Amino acid sequence: MADAKVIPFDDDRDRSRAPGSPAGRGPGDASGASSGAGRSQGPRTGGQAGPGEEPGPGGVRGARRGGTGRRSRLTAVSGRRADPAEDAGEPSGQHRPDAAAAGAGPEGSAAGGSATRRGAAGPAAAEEPAGLLERVLGTEWEARAAEGLAFLRRRLTGEYEVDDFGFDEELTDQVLMTLLRPVFEKYFRVEVRGVENIPADGAALVVANHSGTLPLDGLMLQVAVHDEHPADRHLRLLGADLVFVLPLVNELARKAGHTLACAEDAQTLLERGEVVGVMPEGFKGLGKPFADRYKLQRFGRGGFVSTALRAGAPIVPCSIVGAEEIYPMVGNSRTLARLFGFPYFPLTPTFPWLGPLGAVPLPTKWTIQFGEPLPTDGYPPEAAEDPMLMFNLTDQVRETIQHTLYKLLVRRRSVFF
């Protein structure tokens, strides 16, 4: 009767034998090792029938348990040894305790190899949430999480400071700027120029044009000074009375550092060395019709110049392009304005016809340019009372802003790009 067919393979790993394995076999005798029990049983037990032969009495069952069965052939092809307990005819569930406890490595049983693979996947699975947090929050996510929890604790316990105007610097930096920054960078894609004209320390008065139906230009101007200036300075805007009578808007404006547009508050802030922002056009510029876009309205009586002269603070003219088109105001409903107590009620191509959707601003491309500062510290103290000087300085600032607007409009290729 012909011998069982052996599938030879060369694997140096088979030279190390498990305890109790028959000695004297060379590398590649895996089939002989795996069919030891079958050969002592009688002809062809655990083996394969030769050509034209029928399997022996235990041929089929032996082929499943023996070394030349399907399991051993797969073992021979894959180059991995089977468990000697399985080769001896033991059921697959009765492995040796030492092999199972050791979690047999590459030379152990198939079950041991599976256990090893499962054990190796455990730490990777445990590290997966940490890796996800690093990808989402960055490598310093633990420090950011700790900082956020500390911020919440201070807010809940009241361990934070505000000045006498209600300015909450921590809340502005951590929350308000974080909410406005995506609008500044992604939606309006604001380009800032000449921000270095604002001094790194000391007082300064920023004078800008006002437009856009809603005062979004003031908020974008505040983000521009805070994020783009090398010293990360805060802009303290002077707002109209209406801002500080609206319930929610009043609280947010105070927390962001805004205050009432009066000479006393402005002078106090300038004497403290703050950067103060003013938009002298007021509601006349904010609610002007779309046909008059980028045409500056009257700058009032020049009260901001008088305040800057008293404090000796430089005046920085600022021109904003892009805000005029976010809400193209084609009409004004005076009846609704009187009903709600507003200075105007805008009618745009989308509002109020589309409801809340019509209040979404158009994604125009913005440019904010700060001009050369106009010094005021060279004037005598009584210059603040000279009406002719205030008129000349006011007109000079206005003409500078208007001329810069025209230059920016000539260079602009598109409203949206």
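Residues numbered from 1 in each chain as written. Predicted model: local features only at pLDDT ≥ 70, side-chain atom pairs only at ≥ 80, totals over all residues. Heavy atoms only, no water.

## Considering the overall build of the protein chain
Then, in step 1: A tally of helices and strands in the protein chain yields 16 helices and 9 strands.
Then, in step 2: The proportion of buried residues among the 417 residues of the protein chain is 40%.
Then, in step 3: Within the protein chain, counting contacts between residues at least 6 apart in sequence, those at least 24 apart form 72% of the total.
Then, in step 4: When the accessible surface of the protein chain is split by element, carbon and sulfur atoms take 58% of a total near 23,100 Å². (Helix = DSSP H or I, 4+ residues; strand = E, 2+ residues; numbered from the N terminus. Buried < 20%, exposed > 50% of the residue type's maximum accessible area, 1.4 Å probe, protein only. Contact = heavy atoms within 4.5 Å. Areas by Shrake-Rupley, 256 points an atom, 1.4 Å probe, with all protein chains shown as cover.)

## A few points about the nonpolar core
Then, in step 1: Ranked by internal contacts, the top residues of the largest apolar core, which has 30 residues, are L205, V207, F304, V305, L309, I315 and I401.
Then, in step 2: Within the residue set of this core, elements represented by two or more residues are β2 (204-208), α12 (263-271), β5 (275-278), α14 (303-311), β6 (315-321) and α16 (387-411).
Then, in step 3: The dominant element in this core, judged by the number of residues it contributes, is α16, at 7 residues.
Then, in step 4: Residues V190, V223, V225 and C318 belong to the second largest nonpolar core, which totals 27 residues. (Core = buried A, V, L, I, M, F, W, Y, C linked by side-chain atoms within 4.5 Å.)

## Comments concerning the packing of aromatic side chains
Then, in step 1: The tally for this structure, following the rule as stated, stands at 7 aromatic pairs.
Then, in step 2: With centroids separated by 6.5 Å and ring planes inclined at 70°, the aromatic side chains of F283 and Y344 adopt a geometry described as edge-to-face. Note that F283 is positioned in helix α13 (residues 283-286) and Y344 in the loop between α15 (334-340) and β8 (346-347), a separation of 61 residues in sequence.
Then, in step 3: On the numbers, 6.2 Å between centres and 75° between planes, the contact of F299 with F304 is edge-to-face.
Then, in step 4: We classify F304 as buried; its relative accessible area is 9%.
Then, in step 5: One aromatic cluster is present, formed by F340, F342, F345 and F351 through successive ring pairs.
Then, in step 6: Across the ring face of F290, the terminal group of R293 is positioned such that the distance to the ring centre comes to 4.1 Å. (Phe/Tyr/Trp six-rings, centres within 6.5 Å; stacked < 30°, edge-to-face > 60°. Lys NZ or Arg CZ within 6 Å of the ring centre and 35° of its normal.)

## Things to note about unusual backbone geometry
Then, in step 1: Residue F351 is joined to P352 through a cis peptide bond whose omega torsion reads 5°.
Then, in step 2: Among the structural elements, P352 can be located in the loop between β8 and β9 (367-370).
Then, in step 3: Of note, the phi angle at T213 is positive, near 70°, even though the residue is not glycine.
Then, in step 4: Counting through the fold element by element, T213 comes out in the loop between β2 and α10 (216-228).
Then, in step 5: For T213, a relative accessible area of 6% corresponds to the buried category.

## Side note on the pairing of strand β3 (residues 235-239)
Then, in step 1: Among the 5 residues that make up β3, 5 are buried, leaving the element largely enclosed by the rest of the structure.
Then, in step 2: Of the two faces of β3, the one carrying L235, L237 and G239 and the one carrying R236 and L238 are both buried.
Then, in step 3: Examined bridge by bridge, β3 and strand β4 (residues 259-260) share 2 bridges and lie parallel to one another. The partner of L238 across the bridge, within β4, is T259.
Then, in step 4: Once the chain exits β3 it traverses helix α11 (residues 247-255) before rejoining the sheet at β4, and the crossover so formed is right-handed. (Pairing = 2+ DSSP bridges. Right-handed = clockwise from strand over helix to strand, strands pointing away.)

## Concerning the pairing of β6
Then, in step 1: Counting buried positions along β6 gives 7 out of 7 residues, so the element sits mostly inside the fold.
Then, in step 2: Burial along β6 is two-sided: the face carrying I315, P317, S319 and V321 and the face carrying V316, C318 and I320 are both buried.
Then, in step 3: Judged from the 4 bridges that link them, β2 and β6 form a sheet pairing that is parallel. Paired with V206 across the bridge in β6 is V316.
Then, in step 4: Inspection of the sheet shows β6 paired to β9 by 4 bridges, in the antiparallel sense. Of the residues in β9, the one forming a bridge with C318 is F370.

## Details of the environment of Q297
Then, in step 1: With respect to the helices, strands and loops of the structure, Q297 is situated in the loop between α13 and α14.
Then, in step 2: For the pair Q297 and L286, spaced 11 residues apart in sequence, the C-alpha to C-alpha distance is 9.7 Å.
Then, in step 3: In this view, Q297 contacts E281, K284, G285, K288 and R398; residues no more than four positions away in its chain are not counted.

## Things to note about the confidence of the model for the protein chain
Then, in step 1: Residues at a pLDDT of 70 or more form 67% of the protein chain, whose mean pLDDT is 76.
Then, in step 2: Overall, residues 1-126 carries pLDDT values under 50, and its contacts beyond four positions in sequence, including any with other chains, amount to 104 contacts. (pLDDT = per-residue confidence, 0-100.)

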